Amino acid sequence: MKNTFDLLIETDFPKIKRAQLETLQVNLGYLCNQQCLHCHVDASPRRKEIMSAETVSDVLGFLKRKNIETLDLTGGAPEMNPEFCSLVKQATDMGVHVIDRCNLTVLLEKGYEDTASFLAENKVEVVASMPCYLEDNVDAQRGKGVFDSSIEGLKLLNQNGYGIDEQLQLNLVYNPQGINLPPSQNVLEPAYKKELKQRFGIAFNNLYTITNMPIKRFGSTLLSKGLFDEYMQLLKSSYSKENLAGLMCRTTLSVDWQGYAYDCDFNQMLVLPAGLAVAELSSGAAKQIHINDLLQRDLKGGDIAIMDHCYGCTAGNGSSCGGALI
Ligand code: SF4
Ligand code: SF4
């Protein structure tokens, strides 16, 4: 796989600082039942890296100490980590709102059939990938048969009250197929709702549009097709400074499967430690920071590590794990 890292280091992206920490986004590992083309974490059924029980305990300690409102679980398929249910239960008992970033197809996998009802019982918010409401587009991006399984997964969530009971939020994620920015979230959401309702009887709450990042598997595809420069030009020419205030890295800390901290999920994939200045990166002084070393530290006002991929968050209407920014 080709790597875009060196092409992204030099940047003129504006310096940004942290605000109050609200969300801990935790990657429970790179094991996944799928292997999607656009995946920025290179997850697959072959990956062995998953968070241990000891690190899950560190995460719970961090949530408590920092009084964090939201725990956002991602992967891979987070549900495939054996500690998933225990972490969800303990966090919800602490009053933390839990989000599960679910690929839908895992809900149908052998051994995971009870996951949908478990999520509902614990009132976990589900954020599910659904890059299109058309079968060909989904299967081209996420693998043959993924569309049908995703529809089955959505039906299962609806049967458990998701998208219907207001306490059971079901939000879908759209990302573009090629080298273009997502269309307007406000325009796309009603179209998704109409199509999924009419064709499959499926209900959901919100649609989040997310811009593809020029890193990892998608970055490699851009390089292989000779489209990297064109895509970066698109991101930079679509820069909107109104998006800076809402950047997710200002209120979120991302944690990898070993407990190391990053300013966002994308920086985690680039192994760009939290608060790192580009100068430190170039001088080879970059050190990984564990969440246990941040327990006493107030992150508010601290630097955020930026590189050129950050333009993916400020292009057009902006992009974050919670969708468009403006
Ligand atoms: S389902 Fe998600 S984590 Fe798994 S390979 Fe696809 S994009 Fe990556
Ligand atoms: S990639 Fe986006 S979320 Fe991550 S540090 Fe850059 S601007 Fe912030």
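Further up the page is the structure itself.
Draft legend 1. Local environment of the overall build of the chain. In terms of helices and strands, the chain carries twelve helices and eight strands. Taken over the C-alpha trace, the chain has a radius of gyration of 19 Å; the compact-globule value for 326 residues is 20 Å, and the two agree within 12%. In terms of its C-alpha atoms, the chain occupies a principal-axis envelope of roughly 55 × 45 × 35 Å. When each of the 326 residues of the chain is scored for burial, the buried share is 55%. Restricting to contacts in the chain with at least 6 residues of sequence separation, those with at least 24 account for 76%. Carbon and sulfur atoms form 48% of the exposed surface of the chain, whose accessible area is close to 14100 Å². Each charge class in the chain can be summarised by its mean position, and for the 30 positive and 39 negative side chains these summaries are 2 Å apart.

Draft legend 2. Main features of the side chain of Thr4. Along the polypeptide, Thr4 turns up in the segment before helix H1 (5-8). Excluding its chain neighbours within four sequence positions, the residues that come into contact with Thr4 are Pro214, Ile215, Lys216, Gly219, Ser220, Leu223 and Phe228.

Draft legend 3. Looking closely at the packing of helix H2 (residues 53-66) against helix H3 (residues 84-93). Running from N to C, H2 and H3 point in directions that differ by 15°, and their axes come no closer than 11 Å. Here H3 runs roughly parallel to H2, going by the angle between their axes. As H2 runs across H3, the sense of the crossing is right-handed. In contact with Val56, Val59, Leu60 and Leu63 of H2, H3 contributes Leu87, Gln90 and Ala91. For the contact of H2 with H3, a count of residues per class yields six nonpolar, one polar and no charged.

Draft legend 4. Inspection of the site of ligand 2 at higher detail. Neighbouring ligand 2 are Leu247, Met248, Cys249, Cys264, Phe266, Asn267, Ile304, Ala305, His309, Cys310 and Cys313. Taken atom by atom, the bulk of ligand 2 overlaps the second largest cavity.

Draft legend 5. Local environment of helix H6 (residues 146-159). Over its 14 residues, H6 runs 20 Å from end to end, which matches the ideal 20 Å to within 8%, given 1.5 Å per residue. All buried positions along H6 are accounted for by Val146, Phe147, Ser150, Ile151, Gly153, Leu154, Leu156, Leu157 and Asn158. Just beyond H6, the residue with positive phi is Gly161, at close to 100°.

Draft legend 6. Structural detail: the packing of aromatic side chains. Going through the model one piece at a time under the given rule, you end up with seven aromatic pairs. When the ring of Phe218 is compared with that of Tyr231, the centres are 5.4 Å apart and the planes differ by 75°; the resulting orientation is edge-to-face. Here Tyr231 lies in helix H9 (residues 228-237) and Phe218 lies in helix H8 (residues 216-224), a separation of 13 residues in the sequence. You can call Phe218 buried: its relative accessible area is 8%. You can call Tyr231 buried: its relative accessible area is 0%. Taken together, the ring pairs in this structure connect Phe13, Tyr239 and Tyr311 into an aromatic cluster. In this arrangement the basic side chain of Lys193 is found over the ring face of Phe204, its NZ or CZ atom lying 5.4 Å from the centre.

Analysis parameters
Residues numbered from 1 in each chain as written. Chains lettered and ligands numbered in written order. Predicted model: local features only at pLDDT ≥ 70, side-chain atom pairs only at ≥ 80, totals over all residues. Heavy atoms only, no water. Helix = DSSP H or I, 4+ residues; strand = E, 2+ residues; numbered from the N terminus. Rg over C-alpha atoms; globule rule 2.2 N^0.38 Å. Buried < 20%, exposed > 50% of the residue type's maximum accessible area, 1.4 Å probe, protein only. Contact = heavy atoms within 4.5 Å. Areas by Shrake-Rupley, 256 points an atom, 1.4 Å probe, with all protein chains shown as cover. Lys, Arg positive; Asp, Glu negative; His and termini not counted. Charge placed at Lys NZ, Arg CZ, Asp CG, Glu CD. Axes fitted to C-alpha atoms, helices over the stretch in contact; angles between N-to-C directions. Parallel < 35°, antiparallel > 145°, perpendicular 65-115°, else oblique. Left-handed = near helix turned anticlockwise from the far one by under 90°. Nonpolar A, V, L, I, M, F, W, Y, C, P; charged D, E, K, R; others polar. Near = heavy atom within 4 Å. 1 Å grid on protein atoms, 1.4 Å probe; cavity = no way out; pocket = protein on both sides within 12 Å on 5 of 7 lines; lining within 4 Å. Sits in = over half its atoms within 2 Å of the grid points. Expected span 1.5 Å × (residues − 1). Phe/Tyr/Trp six-rings, centres within 6.5 Å; stacked < 30°, edge-to-face > 60°. Lys NZ or Arg CZ within 6 Å of the ring centre and 35° of its normal.

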